[in-house]
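# Structural overview for review
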Amino acid sequence: MRMHSRVLRKARVIPRLSAAVATVVGLALMSVAPAAAAPHTPAAAAPAAASAAAAGATTPFTTYEGEAGTLGGGASTVSLTAAPTTQFSSAALEASGHAYAHLGGTGQSVQWTNTTGHPISFVNVRASIPDSAAGGGLTGTLDLYVNGTFRQALNLNSKQTWVYEGNNNYNTSDNQNPADGSPRVFFDEAHTFVTGDPIAPGSTFSLKKDSANGAAFYDIDAVDVENPPAPATQPTGSISITSCGAVSDNAPTNGSADGQAVDSGPAIQNCINQAQAQSKTLWIPQGTFYVKGTTGLRANGITIAGAGLWYSTVYRDVPVPNSTPLAALFELTSCHVQNFHIDANAVSRSTIGGDGGAMDTTGSNWTADGIWTQHTMSGFWASGTGGKVSNSRLTSVWADGINVNNVSLNAGTGNDLTVTNNFVRGTGDDAIAINSVDYNTNGDGSRTYYNPMTHITVTGNTSIAPWGGKGIGIYGGSGHLVSGNYISDTARYIGLGAGRFGVNGNDLLSATVSDNVVVRSGGNAYSQGQPALHIGNGGDGQNTGTVDHVTVTGNTVADSLYDAVGFSTSTNTQLRNNTFTDPGRNGVVISPPFYPAPSGSATITGNTLTGLRPGGTSFANNSAGFNASVSGNSWETTTPPPAGPYGGTPAPVPGTVQAENYDTGGRGSAYNVTSVNGNANSYRADGIDLEATSDTGGGYDLGWTASGQWFRYTVTVASAGTYTVGLRVAAPAAVGDALRLSDAAGTDLSGPVGVPATGDWQSWATVTTTVTLPAGRQTLTVRQDNGGWNLNHLVFAASGGTTPATDLAAGRATAESGHTQSYGSSNVTDGNRDSYWESANNAFPQWVQVDLGAARTASRVVLRLPAAWGARSQTLALTASTDGSAFSTLKASAAYTFDPASDNTVSLTFPATAQRYFRITVTANSGWPAGQLSDFQVWSS
């Protein structure tokens, strides 16, 4: 998005159609040939391919993806195989389809078959060739073959690509020094007519690196092919720019201007003035007409027409480096422009790189139809009332493709504007944006305010591979409709976002986002893992303002790089009847990292999610202040089974209760969770938070634990009494006060139970607690006080029965007289043998204690040092307390030897006693002048 005194975005944030080819001026149909000769759609994205038939622009060209062609001579395909783990770019990340064909040696080629059913007389190649050694790019050729016979050499260049983000240049496009590393902007587009006869239907055509093609490699992303109509003829009564002295220069530009070209700018402006005075159409005939310098062309109330976007070009030539602020090439008020091409020699997005906009437009009922824009800052920067951009192409543009707003040419309004049936690929900012500005700050500190935008329509557009922005961004205003668009392959940012732009943007008060297809989108700009579809403020990193009444319905989001949908602060959102397939990370997430939602509300219903990856989350609400009404989605049970024991029969006590067999009845009755997770939920129709376990006996365990969640289990107790409960648990790190058991009335039966560090989510250990139960049918609740652990099963044994012994101190809170450096007392209960407590040195006596959370019966304490330590003797005493202040002696002070031959372990036994606090006091150590322990274990037997 081009900035007009606006706050820069910190968090920039960001299958084709099958049909016959039409031959009309402008855009009519975008098609993709089937099978191997067609543009490549990865298998994972196949569900989106069918949906895409109703989304996106119809264009007169067919796109063949490089990676879908037939490779020859040792050529290879390069594909993005995983979501980025760095914030920087790669060629695969910036490629359409996130893949391309690589021609790295002489004789290597990629070939397709003309399956369009029409002749091909015009090709547009999206490709990358290397930068020059010192930066600034180079030129080269690549050979085109038809049916295996050389036809012509195509001109390619890298002069308007390859910028570098290393050395503190992140998210800029001005640095052309290869030594700084971390390149971006890999691909450019070059087009030409086919020499000789058109390529007939059924014929093959190929791009081949021959010995005469001097670039080290050629990365082929895509080839657009078509059969343009004949050039349009000059309208009767129009004024041709050549009549005012404009001179065509037919030397190929190939990334830079022809220094010998005539500056036709003054002549074109003279003709514009005549056309205005006479109310006539301005005609741009075939040819390339240069406008040199930093001054643009201005027109009001006329029609400007060309012979066709394949034939008529206005080329802007700005001396680089440039220090003069640039106006747009065209500044238009209430004009109609159609059927010509705009190009420029800009080498970056900023003034120094010679970059200015193509068309700044305002007024009423203006139109832009059949315009092809390349290498300018923005394609359309447009405001006013009743304007329309349609049937246009915007490729390799440095900033926004189409930005409709309320500030262009100081209009102050942006109402009833339409953006429809446009094809946008390879932009350095948002491909398409609705940009409602509240105010801009002037040089003297005052503010200019604008009217909020209303009723903007963005329909049937295609936005592919923006390397520096969103596919479509909705920023503020009300009454907008964004529907039937196809968005794919964002390199860094959100694919489709509905929110507000920055502190000076308008609030977004209503919008409908429907029937769009978003494929392979999202990104890792600023290492944020941005979602494919986002609703809420904060999409630009500002986290401010109101986003209200956004309806998101009937959309398809496929193969998102990270989360399919992310919510930040927003209210009254309707997320209904959408389809999410194969998300790279999670499904729908409220308040994901970097997108806070401290408050908000949404109704989330009727959505379908498939292809969730292991470890992924279907739905998560990470905000206590965001009210989400969630119902009828595929990851939920729309009609939960009746409340009661799983399988209809209560589990017997004594006996084993499997964690996955919590009661039926659904959320609020059988369980309460803050997010819906799990990847093995096929075990039961209403299953959540389940996964396959590697513990002995197999089956499933209950995971994704979190504070405030609970699960209920109906059991039948054989006889009243006290039962020892062995809980089979796993946790990468120790969790104190992890859980407790309560009865149907909520009475705490067990007190807090800690979980030791087992080292992994699937490394299992047993912890024990005791509960007193009445006889008969009972409902027990496992309450999750703190998350970070898994539960496989609970074994109930009557007092005196056999239950696996467990360390009562594992994961429990600790206290100490003091410690040195980082060797604190928490190390004695963390389950890590190699971490340890070391008291203050040369300051005996010293003590360390554990708190079991409640009085527990114990008869043995085990003390350990790291296994690799040498032998030493420590003089110590063991005391215990029920209240933490009055301690009784369990083992009097004595010298105990820690010897590697005995696993550096000392066991202290004593008559069984019920105590909460156990303390070791050390008065001497032969190995070091301090108390030292790595494990302090308390056992019931």
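Residues numbered from 1 in each chain as written. Predicted model: local features only at pLDDT ≥ 70, side-chain atom pairs only at ≥ 80, totals over all residues. Heavy atoms only, no water.

- Going by the annotation in an unreviewed UniProt entry, the name recorded for the protein is Right handed beta helix region, with Actinacidiphila alni given as the source organism.

## Overview of the overall build of the protein
- Scanning the protein for helices and strands turns up three helices and 74 strands.
- Its C-alpha atoms give the protein principal-axis dimensions of about 110 × 65 × 60 Å.
- The positive charge centre, built from 44 side chains, and the negative charge centre, built from 62, are 3 Å apart in the protein. (Helix = DSSP H or I, 4+ residues; strand = E, 2+ residues; numbered from the N terminus. Lys, Arg positive; Asp, Glu negative; His and termini not counted. Charge placed at Lys NZ, Arg CZ, Asp CG, Glu CD.)

## Regarding the packing of aromatic side chains
- Inspection of every chain in the model, using the stated rule, returns 25 aromatic pairs.
- Measuring from ring centre to ring centre gives 6.1 Å for Trp398 and Trp467, while their planes differ by 85°; the resulting arrangement is edge-to-face. Taken as a pair, Trp398 in the loop between strand S27 (393-397) and strand S28 (402-405) and Trp467 in the loop between strand S36 (462-464) and strand S37 (472-475) lie far apart in primary sequence, 69 residues in all. Across this residue pair, the class does not change: Trp398 and Trp467 are buried.
- Aromatic side chains Tyr671 and Phe711 sit 5.9 Å apart centroid to centroid with 25° between the ring planes, which places their arrangement in the stacked category. Here Phe711 lies in strand S60 (residues 710-717) and Tyr671 lies in strand S56 (residues 671-672), a separation of 40 residues in the sequence. Side by side, Tyr671 and Phe711 carry an identical accessibility label, which is buried.
- Cluster of aromatic residues (ring-pair linked, three or more members): Phe122, Phe193, Trp310, Tyr311 and Trp372.
- One residue, Arg447, lies across the ring of Tyr439, its end atom 4.0 Å from the ring centre. (Phe/Tyr/Trp six-rings, centres within 6.5 Å; stacked < 30°, edge-to-face > 60°. Buried < 20%, exposed > 50% of the residue type's maximum accessible area, 1.4 Å probe, protein only. Lys NZ or Arg CZ within 6 Å of the ring centre and 35° of its normal.)

## Some points on the state of the cysteines
- Overall, the coordinates contain one disulfide when judged by the stated rule.
- Between the sulfur atoms of Cys244 and its disulfide partner Cys271 the distance amounts to 1.9 Å. Residues Cys244 and Cys271 are joined through a disulfide that is right-handed, its torsion about the S-S bond being 100°. Taken together, the residues span a long stretch of sequence, with Cys244 in the loop between strand S14 (239-240) and helix H3 (265-278) and Cys271 in helix H3 at a distance of 27 residues. (Disulfide = S-S within 2.5 Å.)

## Describing the side chain of Asn114
- Structurally, Asn114 can be placed in the loop between strand S5 (109-113) and strand S6 (122-128).
- Of note is the side chain of Asn114, whose polar atom sits 2.7 Å from the side chain of Thr116.
- From its side chain, Asn114 meets the backbone oxygen of Ile199 in a polar contact 3.0 Å long.
- For Asn114, the residues in contact, after removing those within four places along its chain, are Tyr64, Pro119, Ile120, Ile199, Ala200, Pro201, Gly202, Ser203 and Phe205. (Polar contact = N/O pair within 3.5 Å; in protein donor to acceptor, adjacent residues only side chain to side chain. Contact = heavy atoms within 4.5 Å.)

## Focus on the confidence of the model for the protein
- Here the protein averages 90 in pLDDT, and 92% of its residues register 70 or above.
- Scored below 50 in pLDDT, residues 2-53 shows 191 contacts in the model against residues more than four places distant or in partner chains. (pLDDT = per-residue confidence, 0-100.)

## Here's the deal with the side chain of Ser568
- As for its position among the elements, Ser568 is in the loop between strand S46 (565-567) and strand S47 (570-576).
- Taking the relative accessible area as the measure of exposure, Ser568 reaches 0% and is therefore buried.
- Apart from the residues lying within four places of it in its own chain, the contact partners of Ser568 are His534, Ile535, Gly536, Asn537, Gly538, Tyr595, Pro596, Ala597 and Phe626.

## Focus: unusual backbone geometry
- The omega angle of the peptide bond from Val653 to Pro654 is 5°, so this bond is cis rather than trans.
- As for its position among the elements, Pro654 is in the loop between strand S54 (651-653) and strand S55 (655-658).
- Here the amide bond leading from Phe844 into Pro845 is cis, since omega sits at 0°, within 30 degrees of zero.
- Mapping Pro845 onto the fold places it in the loop between strand S68 (837-838) and strand S69 (846-864).
- For Asn572, which is not glycine, the phi torsion reads 60° and is therefore positive.
- Note on placement: Asn572 falls in strand S47.

## A look at the sheet that holds strand S2 (residues 70-72)
- Across the sheet, which stays open at both edges, the five strands sit in the order S2-S5-S12-S7-S8 with antiparallel pairing between neighbours. The two strands at the open ends of the sheet, each matched to only one other strand, are S2 and strand S8 (149-157). On average, each strand axis in the sheet is tilted by 25° relative to the strand beside it, whichever way the strands run.
- Two elements, S5 and strand S12 (residues 204-208), share five bridges in a ladder whose sense is antiparallel. Looking across to S12, one finds that Ser109 is bridged to Lys208. (Pairing = 2+ DSSP bridges. Axes fitted to C-alpha atoms, helices over the stretch in contact; angles between N-to-C directions.)

## A look at the environment of Pro325
- Tracing the backbone shows Pro325 in the loop between strand S19 (312-317) and strand S20 (330-333).
- Overall, the relative accessible area of 64% leaves Pro325 in the exposed class.
- In sequence terms Pro325 and Gly536 are 211 residues apart; their C-alpha atoms lie 34 Å from each other.
- Once you skip the residues sitting within four places of it in the chain, Pro325 turns out to touch Thr294 and Thr351.

## Quick word on the pairing of strand S23 (residues 367-373)
- A large share of S23 lies buried, amounting to five of its seven residues.
- Here strand S21 (residues 336-344) pairs with S23 via six bridges, running parallel. In the sheet register, Phe340 faces S23, and the bridge partner there is Ile371.
- As paired elements, S23 and strand S26 (residues 388-390) share three bridges and run parallel to each other. When the sheet's bridge partners are listed, Ala368 is paired in S26 with Val389.

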